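Here's the letter readout for the chains.
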Amino acid sequence: MPDLTQAEVAAMASAAGLPMTPDDLVEVTHRLNAFLEALAPLAALPLDAAEPVPFNVVPIPFGPAS
Amino acid sequence: MTTRDDDVAFMGAAKLAEMVRDKQVSPVELVRLYLDRIDRLDGRLRAWITVCREQALEAARRAEAAVMRGEPLGRLHGVPVGVKDQFDTAGVRTTVGSKILADRVPTEDATIVTRLARAGAILLGKQNLTEFAFGGTIRPPFGQPRNPWNLDHDPGMSSSGSGAATAAALCAGSIGEDTGGSVRIPAAWCGLVGHRPTWGLVSRKGSFPLCWSMDQAGPLGRSVEDVAVLLGAIAGYDAADPLTSRRPVPDYRAALAGGVRGLRIGLLREFVSGADTVPQMRSAVVEAARVLEGLGAVVEEVSIPMLPQAGAIFMACADAEGAALHLGWVRTRPADYDQGTRRRLLTASLLPAAYQQLATRARAALRREVLAALGTYDLLLAPTGHRAAPTIAESTSAVKNREDAAGKFFTRRAYSSPAALAGVPAVAVPCGFDPAGLPLSLQLLGRPFEDATVLRAAHAYEQATEWHRRRPPLGSITL
């Protein structure tokens with residue numbers, strides 16, 4: 001995925017109603033591109049069985065009490 | 001200030017509690033000692049936001065009277081401590097290190113504050129932190145906390161004041177908050193012991209949130225014993241935090257005895273041998289592994305391939321939660337944030353939801369890998385971070401490009417965030433010094449709710465080494 005440009009980040013921020021100074025825009029663009037580069041490889045991991053929950057899931061005993 | 005005063009100030013919470021109980025030192029004497037040290041040193045260290053001078057002296061007088069009357073005493077009776085200014089204190093302002101909340105005065109105590117008081121501890125004050133407990137503040141609104149080992153260096157984030165105050169003996173111990181390393185990193189950089197408890201062991205009620213699914217209060221102390229006593233005081237179920245566990249809280253201090261004989265410890269290959277780990281850190285942790293083997297543990301190398309990605313996964317998960325919390329203020333009061341915090345929140349606000357969801361799933365997969373390793377090993381051993389404390393100039397420098405951003409934000413957090421992502425306990429313990437005289441630190445991770453095992457192994461290592469006995473060179477501090 002190519003890096004986001006400052007113009008693209010500015011458009012995203014504007015659409016989201018987020019105020020940004022010109023200096024913010026430069027740095028946020030670097031940070032966002034770092035995120036996208038670091039996270040993209042996760043898509044290749046075998047995550048099908050990884051439930052997107054933040055904790056260890058303890059089975060809840062649904063159904064009639066025994 | 002006499003040598004005896006210095007020695008007493010550096011004794012730490014556990015020993016001071018014994019001395020108060022045995023009438024070797026009075027709580028009033030202790031509070032005056034620490035207030036005097038704060039007056040002399042904190043103008044440079046900037047570890048405190050609010051010092052509760054009169055309240056602490058009044059509490060000390062009451063504590064002293066209780067000792068003299070022979071009343072039953074709590075485990076921290078008469079011991080002066082500090083808490084990160086992220087925890088609510090009734091009638092005492094709680095700023096969370098921000099301009100936005102600079103005048104906020106809560107009406108109730110956080111549960112950890114109530115429990116410290118119930119254990120007899122005396123609240124000296126509220127400690128400085130990076131803004132809203134996010135790391136990366138460029139201009140801290142309440143002054144730049146400095147590392148007592150070298151004032152040009154960062155004391156760590158986000159519990160920066162808790163690290164600096166405890167290391168400089170401006171209190172007997174502290175409670176910080178560790179979302180992804182914010183207790184362990186200041187402990188590591190300041191030559192202290194810092195413990196991130198199992199998620200759900202300590203109440204979050206009254207702790208200003210960064211990330212509800214990973215925030216966890218934890219103690220910083222001069223020794224593992226100090227941390228064990230502090231943890232015992234704050235741990236346990238709280239009806240006001242429905243995600244705390246109802247498990248009984250063991251006596252962590254009593255559980256320190258017993259050593260490591262027979263424990264199986266996995267040495268995390270990705271962090272010990274990884275390219276980001278500086279050679280002196282690698283050597284110190286490998287040497288620590290030998291010490292633990294010498295004490296009877298079985299140490300083997302173990303690999304968790306996802307670990308290097310943990311920093312980015314953590315930031316995607318935690319910052320998304322933080323961004324949601326701050327969205328209103330970011331839109332309406334952007335200039336009231338430090339630029340570092342604002343840019344971090346803006347970035348997280350713009351990260352595509354699909355990537356955040358991908359990170360959440362990767363978090364679950366990483367948690368599974370960490371818990372699988374802890375199925376084979378009792379503990380996992382790694383450096384707490386890839387290097388010793390950076391300079392403040394390095395920590396606050398502008399982000400130059402994408403690679404710089406990745407190095408600044410993901411690399412360090414890769415080491416400390418796996419415990420947070422997996423919800424397991426982890427303790428940071430001093431394990432050496434680098435050539436510049438800055439502390440090095442190892443961390444031990446354990447199974448959920450086996451905090452006692454983590455602390456027991458840390459105690460065994462600590463008692464077999466001398467690193468925790470060194471004191472920072474405070475004589476060089478002039479106001």
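Details of the structure are given in the entry above.
Read on for a plain summary of the structure. Every value quoted in this text rests on a predicted model; they were computed, and no experiment measured them.

## Examining the overall build of chain B
Inference 1: The helix and strand inventory of chain B stands at 16 helices and 11 strands.
Inference 2: The C-alpha atoms of chain B give 21 Å as radius of gyration, which agrees with the globular expectation for 479 residues (23 Å, within 12%).
Inference 3: A principal-axis box enclosing the C-alpha atoms of chain B has dimensions of 60 × 60 × 45 Å.
Inference 4: Within chain B, the fraction of its 479 residues that count as buried is 62%.
Inference 5: Long-range pairs, those at least 24 residues apart, make up 80% of the contacts in chain B between residues at least 6 apart in sequence.

## Concerning the overall build of chain A
Inference 1: Each helix and strand counted, chain A has two helices and zero strands in total.
Inference 2: Counting the 66 residues in chain A, one finds 24% classified as buried.

## Some thoughts on the interface of chain B and chain A
Much of the literature gives interface size as the accessible area that the parts lose upon coming together.
Inference 1: Counting residues at the interface gives 34 residues for chain B, matched by 33 residues for chain A.
Inference 2: Among the secondary structure elements, those contributing two or more residues to the side of chain B that touches chain A are helix 11 (310-332), helix 12 (339-350), helix 13 (353-376) and helix 15 (402-422) of chain B.
Inference 3: Considering each element in turn, the side of chain B that touches chain A owes the most residues, 10 residues, to helix 13 of chain B.
Inference 4: Grouping the amino acids of the side of chain B that touches chain A by side-chain chemistry returns 19 nonpolar, eight polar and seven charged.

## Section: helix 10 (residues 279-294) of chain B
All names here are of chain B.
Inference 1: End to end, helix 10 covers 22 Å across 16 residues, agreeing with the expected 22 Å (1.5 Å per residue, within 8%).
Inference 2: Within helix 10, the full set of buried residues consists of Met-281, Ala-284, Val-285, Ala-288, Ala-289 and Leu-292. For helix 10, the buried positions fall inside an angular range of 145° around the axis, keeping them on one side. Away from its buried face by more than 90 degrees, helix 10 exposes Pro-279, Arg-290 and Gly-294.

## Topic: the environment of Asp85(B)
All names here are of chain B.
Inference 1: You can see Asp-85 is positioned in the loop between strand 2 (80-84) and helix 5 (111-118).
Inference 2: The exposure class assigned to Asp-85 is buried, which follows from the 29 C-beta atoms found within 10 Å.
Inference 3: Spatially, the C-alpha atoms of Asp-85 and Gly-161 are 9.0 Å apart, while their sequence positions differ by 76 residues.

## Describing the environment of Arg269(B)
Residues and elements named next belong to chain B.
Inference 1: One can find Arg-269 in helix 9 (residues 269-272).
Inference 2: Taking the number of C-beta atoms within 10 Å as the measure of exposure, Arg-269 has 15 and is therefore partly exposed.
Inference 3: Each C-alpha atom, one on Arg-269 and one on Ile-304, is 7.7 Å from the other, the two residues being 35 residues apart in sequence.
Inference 4: If sequence neighbours within four positions are ignored, Arg-269 has contacts with Glu-301, Val-302 and Ser-303.

## As for the pairing of strand 5 (residues 193-196) of chain B
Residue and element names in this part refer to chain B.
Inference 1: Neither face of strand 5 is left uncovered, since the one carrying Val-193 and His-195 and the one carrying Gly-194 and Arg-196 both have all their residues buried.
Inference 2: Looking at chain direction, strand 5 and strand 6 (residues 217-221) are connected through two bridges and run antiparallel. Looking at the pairing, Gly-194 lines up with Leu-220 of strand 6.
Inference 3: Pairing of strand 5 with strand 10 (residues 426-433) involves three bridges; the strand directions are antiparallel. Following the sheet pairing, Gly-194 is matched in strand 10 by Ala-428.

## Focus on the sheet that holds strand 9 (residues 379-383) of chain B
All names here are of chain B.
Inference 1: Here we have 11 strands laid out as an open sheet, ordered 1-3-2-4-6-5-10-11-9-7-8, and mixed in their pairing. The open sheet is flanked by strand 1 (48-51) and strand 8 (298-302), the only strands paired with a single partner. Adjacent strand axes in the sheet meet at a mean angle of 30° when their direction is disregarded.
Inference 2: The sheet contact formed by strand 1 and strand 3 (residues 122-127) spans three bridges and is antiparallel. The partner of Val-51 across the bridge, within strand 3, is Gly-125.

## Here's the deal with the nonpolar core
Residue and element names in this part refer to chain B.
Inference 1: Within the largest apolar cluster, 172 residues are counted, with the highest numbers of intra-cluster contacts made by Ala-316 and Leu-381.
Inference 2: It is helix 11 that contributes the most residues to this core, 11 residues altogether.
Inference 3: Leu-381 has contacts with Ile-265, Gly-266, Leu-267, Leu-268, Val-285, Ala-289, Leu-442 and Leu-444, leaving out every residue within four places of it along the chain.

## Things to note about the pairing of strand 10 of chain B
Residues and elements named next belong to chain B.
Inference 1: Of all eight residues making up strand 10, seven are buried, and the element is well covered by its neighbours.
Inference 2: Examined bridge by bridge, strand 10 and strand 11 (residues 439-446) share seven bridges and lie antiparallel to one another. Looking at strand 11, one finds that Phe-433 is bridged to Pro-439.
Inference 3: Between strand 10 and strand 11, which pair antiparallel in sequence order, lie five residues; one of them, Gly-437, sits at a positive phi of approximately 85°.

## Focus: helix 12 of chain B
Each turn of an α-helix holds 3.6 residues, which means side chains three or four residues apart point in the same direction.
Inference 1: Helix length check: helix 12 of chain B (12 residues) gives 16 Å between terminal C-alpha atoms against 16 Å at 1.5 Å per residue, within 8%.
Inference 2: The element helix 12 of chain B is largely enclosed, with a buried count of 11 among its 12 residues.
Inference 3: Turning to helix 12 of chain B, its buried residues number three or more, namely Gly340(B), Thr341(B), Arg342(B), Arg343(B), Arg344(B), Leu345(B), Leu346(B), Thr347(B), Ala348(B), Ser349(B) and Leu350(B).
Inference 4: Its buried side turned inward, helix 12 of chain B meets helix 1 (6-15) and helix 2 (22-39) of chain A together with helix 11 of chain B.

## Let's talk about the packing of helix 11 of chain B against helix 13 of chain B
If you want to describe how two helices pack, look at the angle between their axes and the distance between the axes.
Residues and elements named next belong to chain B.
Inference 1: Across the interface, helix 11 lies against helix 13 with an axial gap of 9 Å and an inter-helix angle of 125°. It follows from the interaxial angle that helix 11 and helix 13 lie oblique. Once helix 11 is placed against helix 13, the crossing between them reads as left-handed. Every residue of helix 13 that contacts helix 11 at Ala-310, Ile-313, Ala-316, Cys-317 and Ala-320 is listed here: Tyr-355, Gln-356, Ala-359, Thr-360, Ala-362, Arg-363 and Leu-366.
Inference 2: Residues that form the contact of helix 11 with helix 13 fall into these classes: nine nonpolar, two polar and one charged.

## Considering the packing of helix 2 of chain A against helix 12 of chain B
Inference 1: Remark: helix 2 of chain A packs on helix 12 of chain B, axes separated minimally by 9 Å, with the N-to-C direction vectors making an angle of 50°. Comparing the axis directions of helix 2 of chain A and helix 12 of chain B gives the class oblique. Crossing of helix 2 of chain A over helix 12 of chain B shows right-handed handedness. Contacts from Asp24(A), Glu27(A), Val28(A), Arg31(A), Leu32(A) and Phe35(A) of helix 2 of chain A reach helix 12 of chain B at Arg342(B), Arg343(B), Leu346(B), Thr347(B) and Leu350(B).
Inference 2: Within the contact of helix 2 of chain A with helix 12 of chain B, the residues separate by chemical class into five nonpolar, one polar and five charged.

## So, unusual backbone geometry
Residue and element names in this part refer to chain B.
Inference 1: Cis geometry is adopted by the peptide bond preceding Ser-158, which originates at Met-157 and carries an omega value of 0°.
Inference 2: Tracing the backbone shows Ser-158 in the loop between strand 3 and helix 6 (160-167).
Inference 3: Its identity as a non-glycine residue notwithstanding, Ala-133 has a phi of 70°, on the positive side.
Inference 4: Phi is positive for Ala-169, which is not a glycine, with a value near 55°.
Inference 5: Given 24 C-beta atoms within a 10 Å radius, Ala-169 is considered buried.

About the thresholds
- Residues numbered from 1 in each chain as written.
- Chains lettered and ligands numbered in written order.
- Predicted model: local features only at pLDDT ≥ 70, side-chain atom pairs only at ≥ 80, totals over all residues.
- Helix = DSSP H or I, 4+ residues; strand = E, 2+ residues; numbered from the N terminus.
- Rg over C-alpha atoms; globule rule 2.2 N^0.38 Å.
- Buried ≥ 20, exposed ≤ 12 C-beta atoms within 10 Å, placed from the backbone.
- Contact = placed C-beta atoms within 7 Å.
- Nonpolar A, V, L, I, M, F, W, Y, C, P; charged D, E, K, R; others polar.
- Expected span 1.5 Å × (residues − 1).
- Arc of directions from axis to C-beta.
- Pairing = 2+ DSSP bridges.
- Axes fitted to C-alpha atoms, helices over the stretch in contact; angles between N-to-C directions.
- Core = buried A, V, L, I, M, F, W, Y, C linked by C-beta atoms within 7 Å.
- Parallel < 35°, antiparallel > 145°, perpendicular 65-115°, else oblique.
- Left-handed = near helix turned anticlockwise from the far one by under 90°.

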